[in-house]
Amino acid sequence: MLCAKLVPKVLTAEQKELRRSICEDFLERIQSEGRDWMNSIITANESWVYQYDPETRRQSKQWVDKGGERPTKARMSRSQIKTMLICFFDKTGIVHREFVPQGQTVTSVFYIEVLKRLCQRVSRY
């Protein structure tokens, strides 16, 4: 019996060649411009953010008879309400962030609009 070996991604020959080409471009830029050009790189990440409705200490206070048991408080659990956060950052931190409106599908048209807003934000710096 043989078990499959788990690999993070199975790349096609074309994808491997593209990655190699990009790495060579990076090396050429480092040699010609120095490492400072890397300070201008902005990357992005998308993540689901869940809503939490924590109860404050004051809200959870209850009157208890003398000698009565202390009330127990359940741990917070994430709700079914969630939204997607798109976050762009550079080496110093977050450059731009946007929550995707409820019910909005992230399409290429939507993402182009997000990138336009990112460009406006970056051009202000």
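Our structure is the block above this text.
The written sequence of each chain sets the order in which its residues are numbered from 1. In keeping with the predicted nature of the model, local features appear solely for residues at pLDDT of at least 70, side-chain atom pairs appear and are counted solely at 80 or more, and the whole-chain, interface and lining totals rest on all residues. Side-chain calculation: all heavy atoms of the structure are included, whereas hydrogens and water are not.

### Remarks on the pairing of strand β3 (residues 93-99)
The side chains of a regular strand alternate, residue by residue, between the two faces of the sheet.
Then, in step 1: Sheet topology places strand β2 (residues 82-90) next to β3; six bridges connect them, and they run antiparallel. Each bridged residue has a counterpart across the sheet, and for isoleucine 86 the counterpart in β3 is glutamate 98. When DSSP finds at least two bridges between two strands, those strands are taken to pair. Counting from the N terminus, the helices are DSSP H or I runs at least four residues long and the strands are E runs at least two residues long.

### Overview of a nonpolar patch on the surface
Then, in step 1: A cluster of nonpolar residues, Leu18, Ile22, Phe26, Met38 and Ile41, forms a patch on the protein surface that exposes about 430 Å² of accessible area.
Then, in step 2: One can find leucine 18 in helix α1 (residues 13-33). Only residues whose relative accessible area exceeds 30% and that form no salt bridge enter a patch; like-charged residues are grouped when within 9 Å of one another, and nonpolar side chains (Val, Leu, Ile, Met, Phe, Trp, Tyr) when within 5 Å. A 1.4 Å probe and the Shrake-Rupley method give the accessible areas. Residues count as covered only by the protein chains that appear here. Definition used for salt bridges: Asp or Glu carboxyl oxygen within 4 Å of a side-chain nitrogen of Lys or Arg.

### Quick notes on the packing of aromatic side chains
Then, in step 1: Only the six-membered ring of Trp is used, alongside the rings of Phe and Tyr, when aromatic pairs are assigned; centres must lie within 6.5 Å, and planes under 30 degrees apart are stacked while those over 60 apart are edge-to-face, with the rest tilted. Inspection of the entire model under this criterion finds zero aromatic pairs.
Then, in step 2: Two conditions define a charge located above a ring, namely a distance within 6 Å from the ring centre to NZ of Lys or CZ of Arg, and an angle within 35 degrees of the ring normal. Here the basic side chain of lysine 82 rests over the ring of tryptophan 48, its NZ or CZ set 4.3 Å away from the ring centre.

### A look at the pattern of salt bridges
Side-chain pairs of opposite charge can arise whenever the charged atoms involved come near each other.
Then, in step 1: Using the criterion set out here, one finds five salt bridges in the structure.
Then, in step 2: The residue lysine 116 makes a salt bridge to glutamate 113 at a minimum N-O spacing of 3.3 Å. Remark: glutamate 113 and lysine 116 occur in helix α2 (residues 108-123); sequence separation between them is three residues, near one turn of the helix.
Then, in step 3: For lysine 116, a relative accessible area of 46% gives the class partly exposed.
Then, in step 4: Residues joined in a network through salt bridges with shared partners are Glu17, Arg20 and Glu24. Relative accessibility thresholds used throughout: buried, under 20% of the residue-type maximum; exposed, over 50%; partly exposed, between the two (1.4 Å probe, protein chains only).

### Focus on the sheet that holds β2
Then, in step 1: Spatially, three strands are ordered β1-β2-β3 in an open sheet, and the strand pairing comes out antiparallel. Where the open sheet ends on each side, the last strands, each with one partner, are β1 (43-50) and β3. Neighbour-to-neighbour, the strand axes of this sheet turn through a mean angle of 25°, independent of strand direction.
Then, in step 2: This element, α2, spans β1, β2 and β3 of the sheet and lies at about 140° to β3. Angles run from 0 to 180 degrees between N-to-C directions of axes, and those axes are lines fitted to C-alpha atoms, restricted for helices to the stretch in contact. We call two residues in contact whenever any of their non-hydrogen atoms come within 4.5 Å of each other.

Structural measurements only, silent on function.
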